[in-house]
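The residues making up each chain are set out below.
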Amino acid sequence: MSTGQRIVLFDLFGVIALHQRPGALAQMAASCHAPADAFTDAYWALRPPYDAARQSAPQYWTAVLRRLSRPVDTGTIEKLRRADIDSWSRVDDHMVAYVQSLRSRAQVAVLSNVPADHAGAFLAAQPWLQNLDHVAFSGRINVAKPEPSAFHHCVTAMHATPADFLFVDDREENVRAAQAVGMTGHVFTGLGKLVKVVNIWLPTSPASPRSSQR
């Protein structure tokens, strides 16, 4: 059952923001004198607890360095942490503009797997996020997609039901997870197709997108 709200819930990286800067992992690997392939494997294999706030940045990078049999020191950890944040700092300006334009027709929110320290940096660099109806970063809500509780967090925070949401993500497993909790889902492949999906999903003459929250 729907409350009558219309909420478009966006993933961030791969949709509104760009994926990690090409070559960034190889540069991080070189900075700690580790093989690029082994560094990449460790970076992703150990990432889930960091994304979900079960590890701090120092704990995550310590685990990465130990897996690679590299020296662990605070200077190296901080250098890697800063390089990592910078590698995820780019946005798609066309998508940012589209997301902002949707707010005249619907509520707009973000649900993204972002560690807590990344979240603070990204919010500071992208102030338009503060104007959205809700922003949920995994490192701040202590759960990451595709866990159902990540989606339920947004449902509860926005005083809505799953049927009120259109969830947009570039990863099919996350879209399937959203659909499993009752949301409509769309696998993002580009702005053109997304516009068509949103135009079909949104009513032609919606009521005020925020009136139902009051």
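(A) Spotlight on the overall build of the protein chain. Helix and strand counts for the protein chain stand at 11 helices and 5 strands. Its C-alpha atoms give the protein chain a radius of gyration of 18 Å, near enough to 17 Å, the size a compact globule of 214 residues would have. Principal-axis analysis of the C-alpha atoms gives the protein chain an extent of 60 × 30 × 30 Å. Expressed as a percentage of the 214 residues in the protein chain, the buried residues total 48%. For the protein chain, the exposed surface amounts to about 10,100 Å²; the carbon and sulfur share of it is 53%.

(B) Just the sheet that holds strand 2 (residues 107-112), in detail. Taken in spatial order, the 5 strands line up as 3-2-1-4-5 in an open sheet, and their pairing is parallel. Only two strands of the sheet have a single partner each, and these edge strands are strand 3 (134-137) and strand 5 (184-187). Taken over all neighbouring pairs, the strand axes of this sheet differ in orientation by 20 degrees on average, direction set aside. Bridging between strand 1 (residues 7-10) and strand 2 involves 4 bridges; their strand directions are parallel. Paired with phenylalanine 10 across the two strands is valine 110, which belongs to strand 2.

(C) View of the pairing of strand 1. In strand 1, alternate side chains face the same way, and those of Ile7 and Leu9 on one face and Val8 and Phe10 on the other are all buried. When strand 1 meets strand 4 (residues 165-169), the two strands line up parallel, connected through 4 bridges. In the sheet register, isoleucine 7 faces strand 4, and the bridge partner there is phenylalanine 165.

(D) Just the side chain of threonine 62, in detail. Tracing the sequence through the fold places threonine 62 in helix 4 (residues 57-67). Filtering out sequence-adjacent residues up to four positions away, threonine 62 remains in contact with Val72 and Ile77.

(E) Structural detail: helix 6 (residues 93-102). Listed as buried for helix 6 are Met95, Val96, Tyr98, Val99 and Leu102. Buried positions in helix 6, seen along its axis, are confined to an arc of 165 degrees and lie on one side of it. In helix 6, the exposed positions angled more than 90 degrees off the buried face are occupied by Asp93 and His94. Packing partners of the buried residues in helix 6 comprise strand 1, strand 2 and helix 11 (191-201). The residue sitting at the N-terminus of helix 6 and contributing the capping side-chain oxygen is aspartate 92; that oxygen lies 3.0 Å from the backbone nitrogen of histidine 94.

Cut-offs and rules
- Residues numbered from 1 in each chain as written.
- Predicted model: local features only at pLDDT ≥ 70, side-chain atom pairs only at ≥ 80, totals over all residues.
- Heavy atoms only, no water.
- Helix = DSSP H or I, 4+ residues; strand = E, 2+ residues; numbered from the N terminus.
- Rg over C-alpha atoms; globule rule 2.2 N^0.38 Å.
- Buried < 20%, exposed > 50% of the residue type's maximum accessible area, 1.4 Å probe, protein only.
- Areas by Shrake-Rupley, 256 points an atom, 1.4 Å probe, with all protein chains shown as cover.
- Pairing = 2+ DSSP bridges.
- Axes fitted to C-alpha atoms, helices over the stretch in contact; angles between N-to-C directions.
- Contact = heavy atoms within 4.5 Å.
- Arc of directions from axis to C-beta.
- Polar contact = N/O pair within 3.5 Å; in protein donor to acceptor, adjacent residues only side chain to side chain.

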